[in-house]
Amino acid sequence: MDVFTDPTNIDAYVSGFLWILKLTGASAVFALVLGVLLAAMRVSPVPVLRGFGAAWVGTFRNTPLTLVIFFCYFGLYSTLGLSLSDDLNRNIYWLGVIGLSVYTAAFVCEAVRSGINTVPTGQAEAARAIGLSFAQTLRIVVLPQATRSVVAPFGSILIALCKNATIVGTIGLIEASSVMKDLLNSYGNAVIPIFLVFAGTFAAILIPTGYFFGWLANRLAVKR
Amino acid sequence: MTTGEPLIVLDGVNKWFGPLHVLDDVSLSVGKGEVVVVIGPSGSGKSTLCRAINRLEPINSGTITFDGRPLPAEGRELAKLRSEVGMVFQSFNLFAHKTILENVTLGPVKVRKEKPAAARERGLALLDRVGIANQADKYPAQLSGGQQQRAAIARALAMQPKAMLFDEPTSALDPEMVGEVLDVMTSLASEGMTMVVVTHEMGFARHAANRVIFMADGKLVEDASPTEFFANPRSERARDFLSKILTH
């Protein structure tokens, strides 16, 4: 049967991309929360927190993602015995989410921090002058205004995250790129079409994502 | 006006920006209900002095006490103190993403934990008092400079502060808007608010101030009543400064 009509292949294709979407979705949420917390640490008045944030970014931004994902599997799981699910695939999935989240959080942190820098210092000064605490100043006054300039970089980070999710294939999750590799092995006569279908699917997911963030950034553009 | 009881006391305050000695052994006492106008050439340290009082600028040595207590270190205590000292900035610094009314009610609701409805009512009354009640639901960027600065004064007043600091409140305004802001400040002064005002508005200094402080090169050079200061400045530096600004 033809590569694109065999129902087994279709199922594999669909489940591969579903893993990609699930990895992206969960990691995006964790990376966003973690990244904002790290950015808050990096601008906080407490030296220890600033150091922690800087160390996190320095470590994960400068380590290949493959190494981070390998560490999650061989370090956290195989050596330290961290098991997140009895189901093999679920376990690898969550290990992958950890790796993708801690890695992506470093980039989110830097995007948020540069967004914070676009908010005039007078805004934070006025907030402190009426007696808001550091956390309130950040949450109520600075971050809402920073969000507007951070949306566009967030789009790029999310797109990179989605593509990076394929690296979880290296520790055994049958996500899209693994499915593609298997198909390439079985259907040597259809290499180019297989490539085009998988690349096309990524593009079909990511191009609208990019446009959406561009639109959102314009909509939220700051009025001064 | 002056009750004599000191509210803000600076004693031997020094501050450096790198090698620049911006506050050079400054001592000053501001009594309750007193209006002190700080004037001087740019770079003389007057803004820094004003900002040091609520610790937006930390100092290197000396002490500052407010209402009998020394300024606490950064943290909850300092936030509490700042909520008792209103501050008005040269560039207004209204929260750009909040409406005028939200700007005014934010402090009472988030810092003082007032009920939003009560804060809103009081906020509207304050906006009415500074003459911009009809702008309550607009965003800062939609207002003129003079209206923004009056909103900023209302925001500070909403905290029911014990004192108000004005850091060149009219310097960023178009000339025709200076008056409306000074009117609000003058009425505050006459109601007995303790005020420290850094300004170049000599008219305001003359008619609203109890005392004029003249600063130059980080030093507090003169401390006199407005009549005395403008008629008969003691220092050469002050005479020189006045001759430059009053001849035009």
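Residues numbered from 1 in each chain as written. Chains lettered and ligands numbered in written order. Predicted model: local features only at pLDDT ≥ 70, side-chain atom pairs only at ≥ 80, totals over all residues. Heavy atoms only, no water.

Basically, it comes down to this: UniProt positions are given in the numbering used here, feature names are shortened, and annotations may be inferred rather than shown by experiment.
You'll find chain B entered in an unreviewed UniProt entry as ABC-type polar-amino-acid transporter, with Micromonospora mirobrigensis given as the organism. The record held by UniProt for chain B lists under Sequence similarities (unreviewed entry) the comment "Belongs to the ABC transporter superfamily."

Chain A is annotated in an unreviewed UniProt entry as Glutamate transport system permease protein from Micromonospora mirobrigensis. Per its UniProt entry, chain A bears the Sequence similarities (unreviewed entry) comment "Belongs to the binding-protein-dependent transport system permease family. HisMQ subfamily." Its UniProt record gives chain A the following Subcellular location (unreviewed entry) comment, quoted word for word: "Cell membrane".

**Comments concerning the overall build of chain A**
As a reminder, the rule being used: Runs of H or I in DSSP of at least four residues are treated as helices and runs of E of at least two as strands, each being numbered from the N terminus. Each residue gets one of three labels from its accessible area relative to the maximum for its type: buried under 20%, exposed over 50%, partly exposed in between, using a 1.4 Å probe on protein chains only. The contact definition used throughout considers only heavy atoms, calling two residues in contact when any of these lie within 4.5 Å. Throughout, the Shrake-Rupley method with a 1.4 Å probe supplies accessible areas, and for residues the shown protein chains are the sole cover considered. Within this scheme the basic residues Lys and Arg register as positive and the acidic residues Asp and Glu register as negative, but His and the chain ends are omitted. Each charge is placed at NZ for Lys, CZ for Arg, CG for Asp and CD for Glu.
Looking only at helices and strands, chain A features eight helices and zero strands. Listing the helices and strands of chain A from first to last along the sequence gives α-α-α-α-α-α-α-α. Relative to its 224 residues, chain A shows a buried fraction of 44%. When contacts within chain A are restricted to residue pairs at least 6 apart in sequence, those whose partners lie at least 24 apart make up 75%. Total accessible area on chain A stands at roughly 10,900 Å², and carbon and sulfur atoms take up 68% of it. Across chain A, the mean location of the 14 positive side-chain charges is 23 Å away from that of the 9 negative side-chain charges.

**Digging into helix 2 (residues 47-61) of chain A**
How we decide: By definition here, a helix of n residues has an expected span of 1.5 Å times n minus one.
If you check helix 2 of chain A, its first and last C-alpha atoms are 21 Å apart, about what 15 residues at 1.5 Å a residue would give, namely 21 Å. Those residues of helix 2 of chain A hidden inside the fold are in contact with helix 1 (7-42), helix 3 (65-79) and helix 4 (88-118) of chain A.

**Re the side chain of Gln136(A)**
Residue and element names in this part refer to chain A. Our working rule: Polar contact criterion, stated in full: a pair of N or O atoms within 3.5 Å, where within protein one must be able to donate a hydrogen and the other to accept it, and residues adjacent in sequence count only if both atoms are side-chain atoms.
Relative to the assigned elements, glutamine 136 resides in helix 6 (residues 134-164). Using a relative accessible area of 12% as the deciding quantity, one classes glutamine 136 as buried. There is a polar contact of 3.0 Å between the side chain of glutamine 136 and the backbone nitrogen of serine 133.

**Comments concerning the packing of aromatic side chains**
Each aromatic ring pair is specified by the distance between its two centres and by the angle formed by the two planes. The line we're drawing: Ring pairs shown here join Phe, Tyr and Trp side chains whose ring centres sit within 6.5 Å, with only the six-membered ring taken for Trp; geometry is labelled stacked below 30 degrees between planes, edge-to-face above 60, and tilted in between.
Counted by the stated rule, this structure contains 17 aromatic pairs over all chains. Pairing Trp19(A) with Tyr93(A) gives two aromatic rings, centres 5.4 Å apart and planes at 45°, and the pair type is tilted. Of this pair, Trp19(A) sits in helix 1 while Tyr93(A) sits in helix 4; the two residues are 74 residues apart in sequence, bridging distant segments of the chain. Note on accessibility: Trp19(A) and Tyr93(A) belong to one class, buried. Summarising the aromatic geometry, the rings of Phe214(B) and Phe241(B) are spaced 5.3 Å apart at their centres and angled 50° between planes, so their arrangement reads as tilted.

**Side note on the UniProt feature "domain: ABC transporter" (unreviewed entry) in chain B**
With numbering aligned to this structure, UniProt lists the feature "domain: ABC transporter" (unreviewed entry) at residues 8-242 of chain B. The span residues 8-242 of chain B carries 38% helix and 26% strand; its end-to-end C-alpha distance comes to 27 Å.

**Focus: the interface of chain B and chain A**
What counts here: Once two parts are put together, the accessible area they lose, assessed with a 1.4 Å probe and summed over both, is termed the buried area. Salt bridges are identified by distance alone: a Lys or Arg side-chain nitrogen within 4 Å of an Asp or Glu carboxyl oxygen.
Between chain B and chain A, the residue contacts involve 24 residues of the former and 18 residues of the latter. Here chain B packs against chain A, burying approximately 1,800 Å² in sum over the two surfaces, 62% of which is carbon and sulfur. For chain B, the biggest contributors to the area lost against chain A are Phe95(B), Ala96(B) and His97(B); these three give 28% of the whole. The interface formed by chain B and chain A includes one salt bridge. Residue Arg51(B) is joined to Glu125(A) by a salt bridge in which the shortest nitrogen-to-oxygen separation is 2.6 Å. In this structure, the connection of chain B to chain A is made through seven residue pairs in polar contact (both at pLDDT 80 or more). Among the secondary structure elements, those contributing two or more residues to the side of chain B that touches chain A are helix 2 (76-83), strand 6 (85-88) and helix 3 (100-110) of chain B.

**Considering unusual backbone geometry**
Residue and element names in this part refer to chain B. Positive phi, close to 60°, is recorded for arginine 55, a residue that is not glycine. By the element assignment, arginine 55 lies in the loop between helix 1 (46-53) and strand 4 (61-66). Not every positive phi belongs to a glycine, and asparagine 93 is a case in point at roughly 55°. Within the fold, asparagine 93 resides in the loop between strand 6 and helix 3. Judged by relative accessible area, which is 9%, asparagine 93 ranks as buried.

**Examining the UniProt feature "transmembrane region" (unreviewed entry) in chain A**
Under the present numbering, the feature "transmembrane region" (unreviewed entry) in UniProt falls on residues 20-41, 62-80, 92-112, 150-174 and 194-217 of chain A. In residues 150-174 of chain A, helix accounts for 60% and strand for 0%; the two terminal C-alpha atoms are 33 Å from one another.

**Some words on the packing of helix 1 of chain A against helix 7 (residues 176-186) of chain A**
A pair of packed helices can be characterised by two numbers: the angle between their axes and the separation between those axes. All names here are of chain A. This is how the line gets drawn: Axis lines are fitted through C-alpha atoms, for helices just across the contact stretch, and the angle between N-to-C directions can take any value from 0 to 180 degrees. Angle categories are assigned with fixed cut-offs, so that under 35 degrees is roughly parallel, over 145 is roughly antiparallel, 65 to 115 is roughly perpendicular, and the rest are oblique. Any residue outside Ala, Val, Leu, Ile, Met, Phe, Trp, Tyr, Cys, Pro, Asp, Glu, Lys and Arg is labelled polar, Gly included; the first ten of those are nonpolar and the last four are charged.
Interhelical geometry of helix 1 versus helix 7 gives an angle of 150° and a closest axis separation of 7 Å. As far as their axial angle goes, helix 7 and helix 1 are roughly antiparallel. When helix 1 is examined against helix 7, the residues Asn9, Ala12, Tyr13, Gly16, Phe17 and Ile20 are found in contact with a partner set consisting of Ala176, Val179 and Leu183. Looking at the contact of helix 1 with helix 7, its residues break down into seven nonpolar, two polar and no charged.

**Comments concerning a nonpolar patch on the surface**
Residue and element names in this part refer to chain A. As a reminder of what qualifies: What makes a patch is a set of residues exposed beyond 30% relative accessible area and free of salt bridges, joined within 9 Å when like-charged and within 5 Å when nonpolar (Val, Leu, Ile, Met, Phe, Trp, Tyr).
Taken together, the side chains of Ile10, Val14, Leu18 and Leu21 make up a nonpolar region of the molecular surface, amounting to roughly 310 Å² of accessible area. With respect to the element layout, valine 14 can be found in helix 1. Since its relative accessible area comes to 41%, valine 14 is described here as partly exposed.

**What to know about the sheet that holds strand 1 (residues 6-17) of chain B**
Residues and elements named next belong to chain B. Put simply, the rule is: A pair of strands counts as paired when DSSP detects no fewer than two bridges linking them.
Pairing in this open sheet of four strands is antiparallel, and the strands run 2-1-4-5 from one edge to the other. A single partner strand is all that each edge strand has here, and the edge strands are strand 2 (20-31) and strand 5 (69-70). With two bridges joining them, strand 4 and strand 5 adopt antiparallel strand pairing. Each residue of the ladder has a partner; that of phenylalanine 66, found in strand 5, is arginine 69. Sheet contacts for helix 1: strand 1, strand 2 and strand 4; angle to strand 2, the most-contacted strand, approximately 55°.

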